[in-house]
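Each chain, written out:
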Protein chains: 2
Amino acid sequence: MLKKERHDFIMRQINLHNRVLTSDLVQLLNVSEDTIRRDLQELSDEGLLFKVHGGALSKSYHSSFDDSTVYARDSKIIIAKKATGLITDGMVVLTGGGTTILEFVKQLPQNIAATFFTISPLVAVELAKYDNIEVILIGGLFSKNSQVTYGGQVITQLAELKADLCLMGTSAIHPEEGLTDTYWEINQLKKAMLASSKKTAVLCISEKLDIALRLRVCPIESISYLITELDQDHESLTRYQNREVHIL
Amino acid sequence: MLKKERHDFIMRQINLHNRVLTSDLVQLLNVSEDTIRRDLQELSDEGLLFKVHGGALSKSYHSSFDDSTVYARDSKIIIAKKATGLITDGMVVLTGGGTTILEFVKQLPQNIAATFFTISPLVAVELAKYDNIEVILIGGLFSKNSQVTYGGQVITQLAELKADLCLMGTSAIHPEEGLTDTYWEINQLKKAMLASSKKTAVLCISEKLDIALRLRVCPIESISYLITELDQDHESLTRYQNREVHIL
DNA sequence: TATATTATTGCAACAAACCGCAAAAACACG
DNA sequence: CGTGTTTTTGCGGTTTGTTGCAATAATATA
């Protein structure tokens, strides 16, 4: 393999995963550590990546990625980590959009092998960084507000699908009213997603608990897992606990 | 064997395999290393390949997709600006993916009113920033390499659609061979996109001119507009000019 | 702080590139 | 045809590029 090809390979890995480990590259490319280190040094000199102890990081990861802009990011990371526990190899997963789901994708283990259907282009792009994940983007009208596809075409495609697990964020959840939403189209969308999945996990920061909006998506019993940043036995969650809903 | 024949042979190998090793060519062509090196040097001077230590690489071997440092960004901005001239209010436009198309979207005038179909999630997200643009994302399998949706589902949806204009990037264009590509699925995809549009514009930086890859998408006559960063009457473009193709 | 992992540096072996030169082939032209 | 010129090619010697190794320094992790 030519040096240039190695460099291209490394850059591809970097842009795919936002980071590379020296040790991984040694195995993948079957060359000595020294060679990889020199490659990383050269690419770093060209300003194509950030060299760090143990490997290298994507340049865009630091510059363009403004972590601070995501609201309540710390909470969302906790939620995301809990949610990854639900995913096992071979699973078929359906996801919605939103920053919480996006965070969930970033927290997935590197080698997870699964099939993901999603209505969120951003989630699709993030999922594509995993070698062993097959990504199917469900197409349709694209919503400027929620950054997901919606509309009849999406509903139709969802109807043909049966996923093991559906992961969705929510803007409101209430012990009696269940999941609710403000927009008709998003409401329809979520209903269709629920119907297409054997189980459903709702990812939701605690400040969205105990809120009911105009349009009802489903009763609380239709939800299999409720994932918040709170402890399992936090008092805010007791009213959600029942035979159907597992609190994580 | 004549020099010209050797050069043709080398270019065939390059376009077939994306790479050649000096040592391989020495054996295949039964000439000295120096001769091969000189051949590669000359072909490199003509801009037909990239010479590297140990051999040479195809010019289109810029497979990697890096969002941080877009390759030849200045050229792509020039191309993008030219392309915006093709869009008028009320148009139905179909776009592919790639950094050039993404740049095109960023250059669109703020209040343009049009309908865009796209196979690229990133393009969809960017288009969503325009208030008066309706965005329809065509869904399907998501390609990790090219960051667009592809496969049967995409083809099927494209078949139901007739756009006024199709905008696509390309990795290779040649006056006799037309549009060509390396991957079967992308090839099929581009064919379907062409069939779904009344007119087609190809956005393409000049270094991808005069390159032919393995799989043919369409003859040069099927293209309505060819947009490069070069001046309209640049000599590199004369061979592309004919009744059908407009050079911008 | 102790221990393991990763970086750095100089070095040697090898491969490839470069340079000048000369032989051979192709070409131009009277 | 012959002769001078240009182009092409291969060879030897030299320089540069690439890679892996070993010893040492720096850094992470518990």
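Please read these numbers as outputs of a predicted model, since none were measured by experiment.

## Focus: the protein's contact with DNA strand D
Right, so step 1: The full set close to DNA strand D counts 16 residues, and Arg6, Thr35 and Arg38 of chain A together with Arg6 and Thr35 of chain B are the nearest of them.
Right, so step 2: Take Asp34 of chain B: an N or O atom from its side chain is 3.2 Å from a base nitrogen of DNA strand D.
Right, so step 3: Elements with a contribution of two residues or more to the surface near DNA strand D: α1 (3-17) and α3 (33-45) of chain A together with α1 (3-17) and α3 (33-45) of chain B.
Right, so step 4: Along the lines of polarity and charge, the residues of the surface near DNA strand D split into two nonpolar, six polar and eight charged.

## Details of the side chain of Thr118 of chain A
All names here are of chain A.
Right, so step 1: Along the polypeptide, Thr118 turns up in strand β5 (residues 114-118).
Right, so step 2: Residue Thr118 is classed as buried on the basis of its relative accessible area, which comes to 0%.
Right, so step 3: A distance of 2.9 Å separates a polar atom in the side chain of Thr118 from a polar atom in the side chain of Thr95.
Right, so step 4: With residues near it in sequence (within four places) discarded, Thr118 still touches Thr95, Gly96, Val123, Ala124, Ile136, Leu137 and Ile138.

## Re the protein's contact with DNA strand C
Right, so step 1: Neighbouring DNA strand C are 15 residues, the closest being Arg37 and Gly54 of chain A together with Asp34, Arg37 and Gly54 of chain B.
Right, so step 2: A share of 73% of the atoms of DNA strand C within 4 Å of the protein falls on sugar and phosphate groups.
Right, so step 3: Take Arg37 of chain A: an N or O atom from its side chain is 2.2 Å from a phosphate oxygen of DNA strand C.
Right, so step 4: With respect to DNA strand C, the side chain of His53 of chain A contributes an N or O atom lying 3.4 Å from a sugar or linking oxygen.

## A few points about the side chain of Thr182 of chain B
All names here are of chain B.
Right, so step 1: If you trace the backbone, Thr182 turns up in the loop between β11 (178-181) and α8 (184-195).
Right, so step 2: Under the relative-accessibility criterion, Thr182 is labelled buried at 14%.
Right, so step 3: Discounting chain neighbours no more than four positions away, the residues touching Thr182 are Asn18, Leu213, Arg214 and Leu215.

Rules and cut-offs
Residues numbered from 1 in each chain as written. Chains lettered and ligands numbered in written order. Predicted model: local features only at pLDDT ≥ 70, side-chain atom pairs only at ≥ 80, totals over all residues. Heavy atoms only, no water. Near = heavy atom within 4 Å. Polar contact = N/O pair within 3.5 Å; in protein donor to acceptor, adjacent residues only side chain to side chain. Helix = DSSP H or I, 4+ residues; strand = E, 2+ residues; numbered from the N terminus. Nonpolar A, V, L, I, M, F, W, Y, C, P; charged D, E, K, R; others polar. Buried < 20%, exposed > 50% of the residue type's maximum accessible area, 1.4 Å probe, protein only. Contact = heavy atoms within 4.5 Å.

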